[in-house]
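What follows is each chain in one-letter form.
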Amino acid sequence: MYREITERLKKWKTKKNRKPLVLTGVRQCGKTYIIKDFGKNEFPDVAYFMFEKNARLQAVFEMDYDTKRILSELDLICGHKIEAGKTLVIFDEIQACPDAIASLKFFCEECRELHIIAAGSLLGVEIGKENISFPVGKVDRMQMYPMNFREFLIAVGYGELVKKASEMHKDSELSELYTIPLERELRNFYYVGGMPEAVGEWVEDHSVSDVDEIQRGLLDGYENDFSKHAPTAEVPRLRLLYKSIPEQLAKENNKFVFSHVKESARAKEFENSLSWLFDAGLAYKLCLVENPSLPLSMYADDSYFKLYMSDVGLLRCRTKVPYNDLIEWRSDSVYARFRGAFTENFVLTELLSYGIEPYFWRSGNSAEVDFLFENDGRAIPLEAKAEIRTKAQSYRSYCKKYHPTLGFRVSFKNVGINTIEDTESVSLPLYMLWNISKYLS
């Protein structure tokens, strides 16, 4: 399946001051597949090393960090000579060997011409541990996410439609030739999500029950990881935190409240568990910004936040919303309260996949804008709505108060550009959010 990160890997390959690359991301998002595919298509040779449960391989790095010796022994293990400029070296599940992680510093300093990619299921968690000697400043880093909606569209056979929609003028309304299939496929995406195994099953058979079974297996696997890899004392808290995300998102005020996870709980009690979820890529944190000055990160309130799941399909599985209810979104459905949660989770994961780091804005209890992000020296508001209705009083209040030059209102409404309180406001369909870069340039 086509993944956009391949283009970033190609740029890394030809980067002038390239360093060994550390690729992180939630388990089962396709890291191993994509780096193997990248190696196959971009290099004459690939040397693949799997560290998990491989004592012989781990022993190579335990003696010292002599890169010449290490490469000589790796030659023996893979059965052929590793050549700089010709071979892509892949260190998979490298978190199983802390010494291999530390060795990346020496490969950077002594073998910069060698292409090395290190990846692992819970590499982000291992990097955060105090006893891990992580080579800060000596590696390039890249985060991989589940498939975004554009990648999903290409996988299900709408690549040509994506291409033509991308070529349209940015203020051109879309005809039903585009809106009908794109809206339908977005609702399908809300169900299937972007985990490659689930997408592959959907492409193959369009089986709702099989997709659900895959998603439940992934969620069970993540919870098993808690027991296997997290400190024992954190496991109960991790389970409580992870399971509470959908219900908290469905609240009208969906600020994450620890007492809703466990009665009388405080943030300090869950601090380490939250960090574990973030490092594992299982949850994303959206922090409050009340003063939208730049850089936004300097004004973010890390203690006031919303929590989202890494994939909208997994959110759907956790909420148990049936396929038909999701496709129709009837107002009288018992699941209607999740519409806003699905929309926000979708928008957040899409923005992250485009390299946009968002926050949200709130002014006391009177107004809130769902997303706020930086671009080209601007703070840009983005309001997300679950249906066609785009009247957003909070968005208007923000524009009136801060006068941004550009803002977005995303919903199922067609493309359009108008002016709200002197702000150029783009109406962008949720199913065309992947086209946001056209308006930012």
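In what follows, the accompanying structure is described. Given the structure is predicted, the values throughout are model-derived calculations rather than measurements. (Residues numbered from 1 in each chain as written. Predicted model: local features only at pLDDT ≥ 70, side-chain atom pairs only at ≥ 80, totals over all residues. Heavy atoms only, no water.)

1. Concerning the sheet that holds strand E2 (residues 45–50)
At step 1: The parallel open sheet is built from five strands, whose spatial order is E2-E3-E4-E1-E5. At either margin of the open sheet sits one strand with a lone partner, and together these are E2 and strand E5 (140–144). Between one strand axis and the next, the sheet turns through 20° on average, direction left out of account.
At step 2: As judged from the three bridges shared by strand E1 (residues 21–25) and strand E4 (residues 115–119), these two strands associate in the parallel manner. For Leu21, the partnering residue across the bridge sits in E4 and is Ile117.
At step 3: Of the strands in this sheet, E1, strand E3 (87–92), E4 and E5 are in contact with helix H1 (residues 5–14), which crosses E5 at around 170°. (Pairing = 2+ DSSP bridges. Helix = DSSP H or I, 4+ residues; strand = E, 2+ residues; numbered from the N terminus. Axes fitted to C-alpha atoms, helices over the stretch in contact; angles between N-to-C directions. Contact = heavy atoms within 4.5 Å.)

2. Observations concerning the nonpolar core
At step 1: Counting residues in hydrophobic clusters, the biggest one holds 119 residues, and the most contacted among them are Phe346, Val347, Leu382, Phe408 and Ile436.
At step 2: Discounting residues that sit within four places of it in the chain, Ile436 has contacts with Leu351, Tyr354, Ile356, Phe373, Leu382, Phe408 and Leu428.
At step 3: Ranked by size, the runner-up nonpolar core spans 28 residues in total, among them Leu57, Phe61, Phe91 and Val139. (Core = buried A, V, L, I, M, F, W, Y, C linked by side-chain atoms within 4.5 Å. Buried < 20%, exposed > 50% of the residue type's maximum accessible area, 1.4 Å probe, protein only.)

3. Description of the environment of Trp12
At step 1: Looking at where Trp12 falls in the secondary structure, it is placed in helix H1.
At step 2: Expressed as a C-alpha distance, the spacing of Trp12 and His115, which sit 103 residues apart in the sequence, is 9.3 Å.
At step 3: Residues within four places of Trp12 in sequence aside, it is in contact with Arg18, Lys19, Leu21, Phe38, Leu88, His115, Ile116, Ile117, Asp140 and Met142.

4. Notes on empty space enclosed by the protein
At step 1: Applying the stated criterion to the full structure yields two cavities of 30 Å³ or more.
At step 2: The space that makes up the largest cavity amounts to roughly 100 Å³.
At step 3: Together, 13 residues line the largest cavity, and Pro146, Met147, Asn148, Ser310 and Thr349 are the ones closest to its centre.
At step 4: By residue number, the principal contributor to the lining of the largest cavity is helix H16 (residues 339–353), which donates four residues.
At step 5: In terms of residue class, the lining of the largest cavity is made up of seven nonpolar, four polar and two charged.
At step 6: Of the pockets and cavities examined, the second largest cavity occupies roughly 40 Å³.
At step 7: Residue composition of the lining of the second largest cavity, by class: six nonpolar, three polar and one charged. (1 Å grid on protein atoms, 1.4 Å probe; cavity = no way out; pocket = protein on both sides within 12 Å on 5 of 7 lines; lining within 4 Å. Points joined across faces, edges and corners; volume = space filled by probe spheres on them. Nonpolar A, V, L, I, M, F, W, Y, C, P; charged D, E, K, R; others polar.)

5. Structural notes on the packing of helix H8 (residues 159–167) against helix H9 (residues 176–192)
At step 1: Two numbers describe how H8 lies on H9: the axes approach to 11 Å, and their chain directions differ by 125°. Our classification of the angle between H8 and H9 gives oblique. Crossing angle aside, the handedness with which H8 passes H9 is left-handed. Facing H8, whose interface residues are Leu161, Lys164 and Ala165, H9 presents Leu177, Tyr178, Pro181 and Leu182.
At step 2: Class assignment of the residues belonging to the contact of H8 with H9 gives a composition of six nonpolar, no polar and one charged. (Parallel < 35°, antiparallel > 145°, perpendicular 65-115°, else oblique. Left-handed = near helix turned anticlockwise from the far one by under 90°.)

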